[in-house]
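Below, each chain spelled out in residue letters.
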Amino acid sequence: MKRHFRVWRGDAGGGDLRDFEVEVNEGEVVLDIIHRLQATQAPDLACRWNCKAGKCGSCSMEINGKPRLGCMTRMSTFAENELITITPIRTFPVIRDLVTDVSFNYEKARETPAFAPPSGVAPGDYRMQQVDVERSQEFRKCIECFLCQNTCHVIRDHDENKPAFSGPRSFIRAAELDMHPLDSRSDRKEYAQASQGLGYCNITKCCTEVCPEHIQITDNAIIPMKERVVDRRYDPLVWLGRKILRRDQLETRPAPSSVAAPPSSARLPASAAVGPDGHMDIAELTAPLQGGPSPFGDDLTFPIAPEELLYNHPDKGNKP
Amino acid sequence: MSTTIERHLYDVVVIGAGGAGLRAAIEARLAGKRTAIISKSLFGKAHTVMAEGGAAAALGNVNSRDNWMVHFRDTMRGGKFLNNFRMAELHAKEAPERIWELETYGALFDRTKDGKISQRNFGGHEYPRLAHVGDRTGLELIRTLQQKIVSLQQEDFAATGSYDSRIRVFQETTITELLLDGDRVAGAFGYYRESGEFVLFEAPAVVLATGGVGRSYKVTSNSWEYTGDGHALALRAGATLINMEFLQFHPTGMVWPPSVKGILVTESVRGDGGVLRNSEQKRFMFDYVPDVFRKQYAETEEEADRWYTDPDNNRRPPELLPRDEVARAINSEVKAGRGSPAGGVFLDVSTRMPAEQIIRRLPSMHHQFKELADVDITKEPMEVGPTCHYVMGGVEVEPDTGAALGRVQGLFAAGEVSGGMHGSNRLGGNSLSDLLVFGKRAGEHAAAYVETLPSRPKVAKVDVAAAAEVALAPLVRPGGENPYTLQQDLQAVMGDLVGIIRRAGELTDALKRLQELRVRVANVGADGGRRYNPGWHLALDLRNMLVVSECTAKAALEREESRGGHTREDFPKMSPEWRRINLVCSLEETGEVHLERKPVPRMRAELITLFERTELAKYLTDEELSDVEAQ
């Protein structure tokens, strides 16, 4: 049976959709059709492919606008008379026809610090439990088809974000190393946040949706990393604590008495009540007072009497 | 059309970026040599990703009785004693180290209860021996090596400010010719697929790691890259190929639906309980146990079924016979009219274990069938049949160094492109370990060879010009023949006449047809320009496929016996006399394939004593046997 296909042909200088009538047989996939096109009508039609079994991630393309692997898109999934349009993946510069320049992904991979083997463990002495390796194994299923990178709106049609954003493929690599039982670096999350642009992701889950390996990119890699980064960097209480005291003071209690008195009659601000470990209780349940600990200290009651407030009006000639 | 040719200077150029190539490159870089990796595809897409079962290494994690001697024995048995014994020995001894090393690169294998690398059963291996990651071990291996190279590049970046200063990957680059200075390798000539521009690598040592030849066959599990480039490059450079008649047809490739024809169903489906049935629902493998294996395999379905849970007290099911036996059995069933509708047989796990267990143990198999073919292997049987999978033959190498024999120097080979290690038939799982062991050795010795050279061999300008002309010819040939048609015709000849079961008449016919094809291939044309033009790329690959196919057909006609991956209907028995003979191909000045017989190296005494006399009697001549006894 002949069917109607539209395939984008062209190069960096431009191109357009060309119409083809191609024979389609039962049980075929889109890549079979591309091959038939090459063999019969367009011998120089450029298209990457290798294994034709969904294991190498080479034949990424957009089929009717959806990022797909050509070898894993069965013709039987289309309606009988559906027009099938095949275009190159859009986030990366076109080289020719369906082939794009995906070097962005390799550059980002090269910037991600490699696995750091544990020191003092000889080859052959690595011991890990299955349950522990499974978390990273999920991400190592990645076949690097870059469909997640292609669909991610942070860089799709936004080349300006590419320098700062490494994309979902890099995030699962960071998560994989973070969860590797024997990786000896402990800054994977911080790296993802500071250098890979994890913060740009607003969890629309498009990457998870297009992943041919069904890796739960968003739920199992990005969100846990974001949570833990937030846990350390953006916890409001920790943040406030950091504003009031320098980190070293927070960690070596008791500190307030060593703070020099301000030039005022006002009382010293007491630091938050912290436990023996130098950290505040996060959970309300374990705090002595209902409503959680006050970041200003439990010995301060509001409203504060006006005469105890430290306030110097800038216009009154009170410059220190 | 640009006439400038980009030049690069390296110490070691590795052609091929699969497991063997990457491992060789790592070793050459660690030895301090400036190394280039040439990859026909993108980095990390090589055919190694397709390996499912695992990497065989006698770690002894699951069964502590396993050791290198048992592994060596299994390998020799699997290869029907035609293996280069020294390669089999090195392989069995060094595989564990190579696997453990991968863990230091970040690999995450499946684990045993006590946290060691888990190992699974596989056809032909006496104990559970395959280190694995579900059924995507090849992907894990290639990704691990890829990431190790990135890690080395990061070290170089820290030291020199450039990622590419000591090891560089040239993606989507094809080598069309090796350049020599006298008999020494001086460089490699090729083109960037992306731009069509030419590139010249000047290097005193070249490691071939280009994989196999499967694209010359109609039904194959191999990717488009498997066009025998390394085999052909070696021949043209003056090296020799051995055992080219031995091709492994994987017994269980999918035969339906057509979109996935040829794609493999891993042997672990059978290792984990899958059984083969014909159209009469009979487990036919019990009828096909050859005498040499009779003792190790179960005779009843009951005993076979008990083996999965109690392997120590029961013999294994005949579904786990070596690949060639299973392939032949399926072929016989189909020929006898007991095949499936699409011309295969049924492989069934659905009635053998619960769905969850299938999904857990064979996740990517389940996934692949569901997505590619809309078949649920937990509910229905698969239709499978033999598919061209692996070439045992390849570049004849010095076992310890991987240096190519013949008159060329500075040429090394590792992985599928090299020959000898697997004899007449490769055991499943021995390929991943082979490419690690010999990839490392080839890289190491290529680096050492560079050290010994007093001066760098020089590339002759006229050779470069000649290589460029040959490469451009299809583009400028008006009215040249369609390369796709030519490939299909070649595949038809090889598939129909030099396939799994061979006959003298058909092989003679095949050789005649290959001669005809040679004339047509010389007249191949390619439409379009130089930039990413797959028609042109195929046109250039065709001559490689052709010369390698000729080697296979010639050797297949010469070898008048059946052994491993070579089955002659007119000579169905294995012959002890033929076991002593390797068939070696070289290229004459005229471009004709020259075939000669060479003796198989004799196994050292301490190795031969690892086998029982009764077993040796199945393979060796009486004369050899009495020699062994005399020792």
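Treat the numbers as computed from the prediction; the structure is a model and nothing was measured.

Draft legend 1. Quick peek at the UniProt feature "binding site: substrate" (unreviewed entry) in chain B. All names here are of chain B. When the UniProt feature table is mapped onto this chain numbering, "binding site: substrate" (unreviewed entry) sits at His250, Thr266, His389 and Arg426. Position of Thr266 among the secondary structure elements: in the loop between β13 (247-254) and α6 (268-271). Excluding its chain neighbours within four sequence positions, the residues that come into contact with Thr266 are Glu52, Gly53, Phe122, Asp135 and Met365. Of the polar contacts made by the side chain of Thr266, one reaches the side chain of Ser268; its length is 2.9 Å. Along the chain, His389 falls in strand β16 (residues 382-391). Owing to a relative accessible area of 13%, His389 belongs among the buried residues under this scheme.

Draft legend 2. The confidence of the model for chain B, seen in detail. Per-residue confidence for chain B gives a mean pLDDT of 94; residues scoring 70 or more make up 100%. Prediction confidence for the complex, expressed as pTM and ipTM, is 0.86 and 0.88 respectively.

Draft legend 3. The packing of aromatic side chains, seen in detail. Residue and element names in this part refer to chain B. Taken as a whole and assessed by the stated rule, the structure comprises 18 aromatic pairs over all chains. Summarising the aromatic geometry, the rings of Phe284 and Tyr288 are spaced 6.1 Å apart at their centres and angled 90° between planes, so their arrangement reads as edge-to-face. By relative accessible area, Phe284 is classed as buried at 1%. A relative accessible area of 22% means that Tyr288 is categorised as partly exposed. Among the aromatic side chains, those forming a connected cluster through ring pairs are Trp68, Phe72, Phe81, Phe611 and Tyr619. Sitting above the plane of the Trp68 ring, Lys93 keeps its charged end 4.5 Å from the centroid. When the ring centre of Phe198 is taken as origin, the NZ or CZ atom of Arg530, which lies over that ring, is 4.5 Å away.

Draft legend 4. Quick look at the interface of chain B and chain A. If you look at the interface, chain B gives 67 residues, while chain A gives 61 residues. For the chain B face of the interface with chain A, the top three residues by lost area are Lys45, Leu108 and Tyr532 of chain B, together amounting to 13%. The tally of links from chain B across to chain A stands at 6 salt bridges. Residues Asp164 of chain B and Arg110 of chain A are paired through a salt bridge, measuring 3.0 Å at the closest nitrogen-oxygen approach. Counting residues per element, the ones that place at least two in the side of chain B that touches chain A are α3 (85-104), α4 (137-160), α10 (363-373), α13 (483-497) and α15 (534-558) of chain B. The leading source of residues in the side of chain B that touches chain A is α4 of chain B, at 10 residues. For the side of chain B that touches chain A, the residue count by class is 23 nonpolar, 21 polar and 23 charged.

Draft legend 5. The arrangement of the sheet that holds strand β9 (residues 184-192) of chain B in detail. Residues and elements named next belong to chain B. Judged by pairing direction, the sheet is mixed, and its 4 strands sit side by side in the order β1-β10-β9-β8 without closing on themselves. Every other strand in the sheet has two partners, leaving β1 (6-9) and β8 (173-181) as the edge strands with one partner each. Along the sheet, successive strands turn relative to each other by an average axial angle of 25°, direction set aside. Two elements, β1 and strand β10 (residues 198-202), share 4 bridges in a ladder whose sense is parallel. The partner of Leu9 across the bridge, within β10, is Glu202.

Calculation notes
Residues numbered from 1 in each chain as written. Chains lettered and ligands numbered in written order. Predicted model: local features only at pLDDT ≥ 70, side-chain atom pairs only at ≥ 80, totals over all residues. Heavy atoms only, no water. UniProt positions renumbered as here; feature names shortened; annotations may be inferred. Helix = DSSP H or I, 4+ residues; strand = E, 2+ residues; numbered from the N terminus. Contact = heavy atoms within 4.5 Å. Polar contact = N/O pair within 3.5 Å; in protein donor to acceptor, adjacent residues only side chain to side chain. Buried < 20%, exposed > 50% of the residue type's maximum accessible area, 1.4 Å probe, protein only. pLDDT = per-residue confidence, 0-100. Phe/Tyr/Trp six-rings, centres within 6.5 Å; stacked < 30°, edge-to-face > 60°. Lys NZ or Arg CZ within 6 Å of the ring centre and 35° of its normal. Buried area = accessible area lost by both parts, 1.4 Å probe. Salt bridge = Lys/Arg side-chain N within 4 Å of Asp/Glu carboxyl O. Nonpolar A, V, L, I, M, F, W, Y, C, P; charged D, E, K, R; others polar. Pairing = 2+ DSSP bridges. Axes fitted to C-alpha atoms, helices over the stretch in contact; angles between N-to-C directions.

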